[in-house]
Amino acid sequence: MHADELAVDADLVRRLLWKLFPDLAELPIRQVSDSGSSNSLYRLGEALAVRLPRQPGGGDTIVKEAAWLPYLASRLTVNVPDLVGVGVPGHGYSEVWAVTSWLDGSVPRARLRGAEAVALAQDLARFILDLRHVAVPSNSVEDAAELSTYRGAPLPSFDDDFRGIVDACRDLNLNLDLEQVLHCWETATAAASEISPTTLWYYGDLLAENVLLDKHGRLAAVLDFGGLGLGNPEVDLVIAWDLLDPEGLVAFRRALGIQDAQWSASRGWALFLALMTFPYYGSSMPNRCASRLAMVHAVLADA
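- Going by the annotation in an unreviewed UniProt entry, the name recorded for the chain is Phosphotransferase, with Nocardioides silvaticus given as the source organism.

**Some thoughts on the packing of aromatic side chains**
Two numbers describe a pair of aromatic rings. These are the distance of the centres and the angle of the planes.
For step 1, the next point in the chain: In the structure shown here, the tally under the stated rule is 17 aromatic pairs.
For step 2, the next point in the chain: Judged by centre distance (6.0 Å) and plane angle (40°), the rings of Trp269 and Phe272 are tilted. Separated by three residues within a single helix, Trp269 and Phe272 lie in helix H9 (residues 260-275), roughly one turn from each other.
For step 3, the next point in the chain: Among the aromatic residues, ring-to-ring pairing joins Tyr150, Phe158, Phe162, Trp185, Trp269 and Phe272 into one connected group.

**What to know about the domain arrangement of the chain**
For step 1, the next point in the chain: Split into domains, the chain comes out as domain 1 (10-101) and domain 2 (114-302).
For step 2, the next point in the chain: The distance between the C-alpha centroids of domain 1 and domain 2 comes to 26 Å.
For step 3, the next point in the chain: Contacts between domain 1 and domain 2 engage 19 residues on the former and 25 residues on the latter.
For step 4, the next point in the chain: Summing the contributions of domain 1 and of domain 2, the shared interface buries around 1,700 Å²; its carbon and sulfur component is 65%.
For step 5, the next point in the chain: Looking at the side of domain 1 facing domain 2, the largest losses of area belong to Lys64, Trp68 and Leu72, adding up to 30% of the total buried there.
For step 6, the next point in the chain: Here domain 1 and domain 2 share one salt bridge between them.
For step 7, the next point in the chain: Of the charged contacts in the structure, one is a salt bridge between Arg51 and Asp224, with a shortest N-O distance of 3.0 Å.
For step 8, the next point in the chain: Inspection of the domain 1/domain 2 interface yields eleven residue pairs in polar contact (both at pLDDT 80 or more).
For step 9, the next point in the chain: Element by element, the count of residues in the side of domain 1 that touches domain 2 is highest for helix H2 (residues 59-73), at seven residues.

**Section: the sheet that holds strand E5 (residues 97-101)**
For step 1, the next point in the chain: Spatially, E1-E2-E3-E5-E4 is the arrangement adopted by the five strands of the open sheet, whose pairing is antiparallel. Only two strands of the sheet have a single partner each, and these edge strands are strand E1 (29-31) and strand E4 (83-87). Strand-to-strand twist across the sheet, computed as the mean angle between neighbouring axes with direction ignored, equals 25°.
For step 2, the next point in the chain: Alignment of strand E2 (residues 39-44) against strand E3 (residues 48-53), held across six bridges, turns out to be antiparallel. The residue of E3 that forms the bridge with Asn39 is Pro53.
For step 3, the next point in the chain: Set on the sheet, H2 makes contact with E2, E3, E4 and E5; between it and E3 the angle comes to about 135°.

**Overview of the nonpolar core**
Side chains of nonpolar character tend, in soluble globular proteins, to be buried together.
For step 1, the next point in the chain: Membership of the largest hydrophobic core comes to 79 residues, with the highest contact counts inside it found for Phe127, Phe252 and Leu275.
For step 2, the next point in the chain: Counting contributing residues, this core receives three or more from each of domain 1 (10-101) and domain 2 (114-302).
For step 3, the next point in the chain: Residues contacting Phe127, with those up to four places away along its chain left out, are Leu76, Val78, Tyr203, Leu206, Leu219, Val222 and Phe225.
For step 4, the next point in the chain: In this structure, Phe21, Ile29, Val50 and Trp97 belong to the second largest nonpolar core, which totals 18 residues.

**Thoughts on the pattern of salt bridges**
For step 1, the next point in the chain: Within the structure shown, the criterion is met by 17 salt bridges.
For step 2, the next point in the chain: A salt bridge links Arg43 to Glu46, with the nearest nitrogen and oxygen atoms 3.4 Å apart.
For step 3, the next point in the chain: A salt bridge links Glu179 to Arg170, with the nearest nitrogen and oxygen atoms 3.0 Å apart.
For step 4, the next point in the chain: Since its relative accessible area comes to 48%, Glu179 is described here as partly exposed.
For step 5, the next point in the chain: For Arg170, a relative accessible area of 40% translates into the label partly exposed.
For step 6, the next point in the chain: Taken together, the shared-partner salt bridges in this structure form one network comprising Arg30, Arg43 and Glu46.

What counts, and where the lines are drawn
- The residue numbers shown here count from 1 along each chain, following its written sequence.
- The model is predicted, so local features are restricted to residues of pLDDT at least 70 and side-chain atom pairs to those at 80 or more, both for listing and for counting; the totals for chains, interfaces and linings are taken over all residues.
- The basis for every side-chain value is the complete set of non-hydrogen atoms in the structure, without hydrogens or water.
- What counts as a ring pair is set by centres within 6.5 Å for rings of Phe, Tyr and Trp (its six-membered ring), and what kind of pair is set by the plane angle: stacked under 30 degrees, edge-to-face over 60, tilted for all other angles.
- Under the scheme used here, helices are H or I runs from DSSP no shorter than 4 residues and strands are E runs no shorter than 2 residues, and both carry numbers assigned from the N terminus.
- Each domain's limits were defined by an automated method or a database of domain assignments.
- Contacts between residues were defined by any pair of non-hydrogen atoms, one from each residue, lying within 4.5 Å.
- Buried area is calculated as the accessible area (1.4 Å probe) missing from two parts once they are joined, with the contributions of both summed.
- Salt bridges are defined as contacts in which a side-chain nitrogen from Lys or Arg sits within 4 Å of a carboxyl oxygen from Asp or Glu.
- Within 3.5 Å is the distance limit for a polar contact, defined as a pair of N or O atoms, with the added protein rule that one can donate a hydrogen and the other accept it, and that residues adjacent in sequence qualify only through two side-chain atoms.
- Strand pairing is assigned whenever DSSP identifies at least 2 bridges connecting the two strands.
- Axis definition: a line fitted to C-alpha atoms, limited for helices to the stretch in contact. Angles are taken between N-to-C directions and run from 0 to 180 degrees.
- Only buried residues count toward a nonpolar core. Its members are Ala, Val, Leu, Ile, Met, Phe, Trp, Tyr and Cys residues joined through side-chain atoms within 4.5 Å.
- Three labels apply to residues, based on accessible area from a 1.4 Å probe with only protein chains included: buried if under 20% of the type maximum, exposed if over 50%, partly exposed otherwise in between.

Structural data, given as structure tokens:
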């Protein structure tokens, strides 16, 4: 998946566990095949999971989660993983890793429609508002740069990057009007320039692969807080075009009280996150690319 992918298998996981968590090391270990692009995921027994970063430097997100997820979890109404312990590098593996609780639910595979979309829109809006309303400790405001990713920065600052990605996509066989994409992007960056900088919590990677739904299609849990940061939170709205139909979009926007500039800026974030997928994951994650293409079409239909 990555040129610098770290080698991980169940045997390594067990050896790492023996070193720090010997009481857990004899539990059954099963690789979770659909574990995303940032971390390898292994189920440990029935109640636990082990997350190991796929690339060098990925352990920084584990450290950030360990520092902040317990603080946030007690202030959120949605289920999030409980941190059981943090592991250190060893046995040739270079990164910090984590043992967390296993949360039940299913990763959504298709866009929800009608009443189901409206209900999920309410759930997602509640999570986003809960997160934004969590107080930011005063010392954290001063250290906001350390608690941020690029996804909390002003959208217009990525104009050159986005245009480069669009150019890279011209060589791909995508069913996509890239000139329409650029027009939507320009509208989004113009709107984003009207938004004053803020220091709010944002999740940073709110997409279908990072949420779990219950059997009724309601939000059961939010996973992987590695993208957590402080800054402008428009990036968290991108899930609307990943999971919701037009009726759900209306309900989502109404529940959040989103103004035109924020909504347009969030369309730009959805385009940015989707298009960067195609050149990088075109051969390694075809399912992700297909879902991102559908997301772009949903953005353009809503513009």
